[in-house]
Amino acid sequence: MKYFRSFILSLFAFTALSLPLIAQPGITKVTFLTDSVQDAVHFPVLSNAPAIVRLPIVEYVSKTIPVVEVKIEGVPYRFIFDTGASNTVFNSIFIVQSPGDSIVPLGLATGANSSRRIMGVVKASNFELGELKVDELVMTTIAYINPGTPEHGVIGLSLVRDYDLLFDWPNREILLVNPDSIGVILDKRFKIIESIPI
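The text that follows walks through the structure, step by step, so that each part is easy to find. Given the structure is predicted, the values throughout are model-derived calculations rather than measurements.

### Considerations on the environment of Pro56
Considering the arrangement of structural elements, one finds Pro56 in strand S2 (residues 52-56). Judged by relative accessible area, Pro56 falls into the exposed class, the value being 51%. In the structure, Pro56 is positioned 12 residues away from Val68 in sequence and 6.3 Å away in space, judged by C-alpha atoms. If near-sequence neighbours (up to four positions away) are discounted, Pro56 is found in contact with Val67, Val68, Arg172 and Glu173.

### Regarding the nonpolar core
Counting residues in each nonpolar core, the largest one holds 27 residues, and the members touching the most others are Phe90, Phe127, Leu129 and Leu176. Secondary structure elements with two or more residues in this core: S2, strand S4 (65-72), strand S5 (75-81), strand S8 (116-129), strand S9 (132-142), helix H3 (157-160) and strand S12 (173-177). If sequence neighbours within four positions are ignored, Leu129 has contacts with Val53, Leu55, Val68, Glu69, Val70, Ile155, Leu159, Val160 and Leu176. Membership of the second largest hydrophobic core comes to 9 residues, among which are Val61, Ala85, Ile142 and Tyr144.

### As for the pairing of S4
Note: strand S3 (residues 59-61) against S4, 3 bridges, orientation antiparallel. Along S4, the bridge assignment pairs Val61 with Ile65. Once S3 ends, the chain turns through 3 residues before running back antiparallel as S4, passing Ser62 with a positive phi of about 55°. In this antiparallel pair of consecutive strands, S4 and S5, the connection spans 2 residues, and Glu73 shows a positive phi of 55°.

### A word on the packing of aromatic side chains
As enumerated under the stated definition, the model contains 6 aromatic pairs in all. Between Phe81 and Phe167 the ring centres are 6.0 Å apart and the planes differ by 75°, which places this aromatic pair in the edge-to-face class. Separated by 86 residues along the polypeptide, Phe81 in strand S5 and Phe167 in strand S11 (residues 164-168) bring together distant segments of the chain. A ring pair is formed by Phe167 and Trp169, whose centres lie 5.1 Å apart and whose planes are at 15°; its orientation type is stacked. The class of Phe167 is partly exposed, set by a relative accessible area of 29%. Through a chain of ring-to-ring contacts, three or more aromatic side chains come together here, namely Tyr60, Phe81, Phe167 and Trp169.

Calculation criteria
Along each chain, residues carry numbers from 1 onward, in the same order as the chain's sequence is written. Per-residue local features of the predicted model are confined to residues with pLDDT of at least 70, and side-chain atom pairs are confined, for both listing and counting, to 80 or more; whole-chain, interface and lining totals are unaffected and use all residues. As a rule here, side-chain values come from all non-hydrogen atoms in the structure, and water together with hydrogens is ignored. Labels follow the DSSP assignment, with helices taken as runs of H or I lasting at least four residues and strands as runs of E lasting at least two, numbered in each case from the N terminus. Three exposure classes are used, based on accessible area relative to the maximum for each residue type with a 1.4 Å probe and protein chains only: buried under 20%, partly exposed in between, and exposed over 50%. Contact definition: two residues touch when any of their heavy atoms are within 4.5 Å. Put simply, a nonpolar core is a bunch of buried Ala, Val, Leu, Ile, Met, Phe, Trp, Tyr and Cys residues held in one set by side-chain atoms that sit within 4.5 Å of each other. A pair of strands is considered paired only if DSSP assigns at least 2 bridges between the two. Any pair of Phe, Tyr and Trp rings, taking the six-membered ring for Trp, is counted once the centres come within 6.5 Å. Such a pair is stacked with planes under 30 degrees apart, edge-to-face with planes over 60 apart, and tilted for the rest.

Structure, rendered in structure tokens:
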């Protein structure tokens, strides 16, 4: 049993060390924080913002929290779609650290479990969430590990703030809909009653 436990710990350590190599393309560390960097975290500039964006749900965390696929420089990543998160976050366990290297700390973050963690900032080039695109997305970063396969990040509301969100649970899809187009989507799926007699 002792050898088995040692083997499992070695396998976990190897996996943890090899994971950062998977998620490096297109991710750069911010080494100096300015007001413009902090503004970019809270107000991302979309380079492509179609009226309707369809996001397939690829998996669930804890059976209820949807995971979607994003692309950074064309490389796929798994991000939790969290309507309770203010900003988009990248999981720092996937960032390669060199000796003497560090992510500039931005401050502390409080999650749903009230744990506080140091946050830093990274930039992702050519970020794609379905057809929604950002040339350079500035994200906070914290380390977190979920049971099973750790997700690469969290989609926060600052990225999708200009959209209404429709969760189509039976079809495993999230729709981002421009508020001016919401009537078109609802008309196709539901019988809309303009007024209900009392």
